[in-house]
Structure formats: structure tokens, C-alpha cells
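Residues per chain are reported as follows:
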Amino acid sequence: MAQHSTHPGGASRVRRRALVGTAVLAVLVALAGLTAYLTRDGRSPSDAPAPPPSSPTASSSPTAPAGPHARFHALPVPPKTQDPIKYGKAAAAALWSYDTRAYSRPELRKALRGWLTEESKYADPTSVDKVVPSPVLWKEMAANGQFATAKVNEGHFPHAFTQALQADPGAITEAYVYAVTASGKQSIAWKGSPAGGAESRSTTLAVQCRPDHPCALVGIMPSVAP
């Protein structure tokens, strides 16, 4: 898983529309007009990065898979960009990628937290921690040499967010936080299975892009906004 109106009546509007249980992102949600969408019945939550695959069979090879996907993958490093959509797509790819062969769970968690804005009043590290596999699951995945790569095909501002900005263009100028929805595919593989399969992924992120400063992640929204 960051903005509010500077107008005198903005505080009351924020309180009415804030997303319950997501305090850090509540102001962003209020600005973007996403509260009604995110609390609507039947909406899917943002995709976690590491669903466990089918367990390898007893005949699986104990060696790492062959082919181009066999190379180890480095920890994700945030790009230096002032484009919120470009940054959001890169962040989504980072959240959907991991390599249990190359680093530990704490190392991945620390690396992903490194994408967060340094402004603590907006950063939501809990939303990032939630997409990191649990210690028990990571141990199981590591035993199988599991890793995942991601390809993000598309990124855009959600419709509700653009509507909110059109209604109050100046509201963005306090925190400069943008909602970005990214979509793509995550490919998972493990020992003896160089092509474990690909699944479609979508998530909505809060991205801060202040003028003359590289973008940073604020947090991951609890549901995907179109």
C-alpha cells in the first residue's frame, strides 16, 4: 500500500471518504475517489508476488533448471525516474519477482522496503511486507529452488484517480502521490521445471513523484482499481 485537499473543507471530506484500516493510504484514497471501489463486494485483492506452485515430483532433477531462466536474479533496485507510471510498472515487476536461490527472505524484504518514500508520514511498509512470502513458505520455496520473473505489459492512472484530479487539480501538490495500476504476467519455475507456468497479475500502487526528485513507492493498495 497520501494526499489531501488544501481547501478549508477538505479535512471533513477526507474523514468521510478515508479507507478504513489503511491509515497511511487513507488520504490518497480519498483524493483518488477509490474508497467506494475498494470496499465494493466482489473485488479481488492486489496480487501477491509468490503463490506456491505445485510441488515438484520425486523424479525432479536436484539441479537448477536449464535454459535462459536458470540464471540467478539480483535483488530489485528502484529506477531513477520522475514518471509515476514508469516507476509503478517497475515496482510491480519487483513485487512479482523473487529468487530463493540467490538471496534470503530478509534480504528481499529489505530491498523492497528500499523502494519506499523516505517521508514516513506517507510510507506504508506493512503493505510491502504483506507481499513477501512468509518465513515458512519461503523455506519451502527455497528447498525447491523456486524463483519468479515478471513482465509488466501496461500501466495507467485508474479512472477514479484521473477523475479526482480533474475535479481538484491542486490537491496533488501537497504530497504528489499518484495511483498507478500495473498489469502483466508472473512466471514461476523451480528445480527440474524451467517453465513452471505464467499467471496474469494486476496491482494498484501509490507512487510519490515530487518535482525534481525521483519517484518512490508509498504503498500497495488493497484492491486493484481499473
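Before reading on, note that the structure itself is shown above.
Residues numbered from 1 in each chain as written. Predicted model: local features only at pLDDT ≥ 70, side-chain atom pairs only at ≥ 80, totals over all residues. Heavy atoms only, no water.

Peer 1: Hey, could you go over the overall build of the protein for me, with residue numbers and the actual values?
Peer 2: The helix and strand tally for the protein stands at eight helices and five strands. What you see in the protein, going N to C, is helices and strands ordered as α-α-α-α-β-α-α-α-β-α-β-β-β. On the protein, roughly 10,900 Å² of surface is accessible, and the fraction owed to carbon and sulfur atoms is 56%. (Helix = DSSP H or I, 4+ residues; strand = E, 2+ residues; numbered from the N terminus. Areas by Shrake-Rupley, 256 points an atom, 1.4 Å probe, with all protein chains shown as cover.)

Peer 1: Please give an account of helix 5 (residues 105-113) that cites residues and values.
Peer 2: For helix 5, the complete set of buried residues consists of Arg105, Leu108, Ala111 and Leu112. Within helix 5, the buried residues cover an arc of 125 degrees as seen down the axis, which keeps them to one side. Residues of helix 5 that are exposed and angled more than 90 degrees away from the buried face: Pro106 and Lys110. Packed against the buried residues of helix 5 are helix 4 (84-95), strand 1 (98-99), helix 6 (125-129) and helix 7 (135-143). (Buried < 20%, exposed > 50% of the residue type's maximum accessible area, 1.4 Å probe, protein only. Arc of directions from axis to C-beta. Contact = heavy atoms within 4.5 Å.)

Peer 1: If you had to explain unusual backbone geometry to someone new, which residues and values would you point to?
Peer 2: In the Ramachandran plot, Tyr176 falls in the positive-phi region, its phi being about 55 degrees despite a non-glycine side chain. Topologically, Tyr176 is positioned in the loop between helix 8 (159-167) and strand 3 (177-189). Classification of Tyr176 as buried rests on a relative accessible area of 18%.

Peer 1: Now, about the nonpolar core: what can you tell me, with residues and values included?
Peer 2: Ranked by internal contacts, the top residues of the largest apolar core, which has 37 residues, are Tyr87, Leu95, Tyr98, Leu112, Leu205, Val207 and Leu217. Every element with two or more residues in this core is listed here: helix 4, helix 5, helix 7, strand 2 (147-156), helix 8, strand 3, strand 4 (198-208) and strand 5 (216-220). If sequence neighbours within four positions are ignored, Leu217 has contacts with Tyr87, Ala91, Trp115, Leu116, Thr117, Val128, Leu205 and Ala206. Residues Ala175, Val177, Ala206 and Val218 belong to the second largest nonpolar core, which totals five residues. (Core = buried A, V, L, I, M, F, W, Y, C linked by side-chain atoms within 4.5 Å.)

Peer 1: Tell me about the sheet that holds strand 1, residues and numbers included.
Peer 2: The strand order across the open sheet built from five strands is 1-2-3-4-5, with neighbouring strands paired in antiparallel fashion. One side of each edge strand has no neighbouring strand; the edge strands of this open sheet are strand 1 and strand 5. Pairing between strand 3 and strand 4: 11 bridges, direction antiparallel. Note that in strand 4 the partner of Val177 across the bridge is Gln208. Helix-sheet contacts for helix 4 involve strand 2, strand 3, strand 4 and strand 5, and the interaxial angle to strand 2 is about 155 degrees. (Pairing = 2+ DSSP bridges. Axes fitted to C-alpha atoms, helices over the stretch in contact; angles between N-to-C directions.)

Shape is all these values report; function is a separate question.
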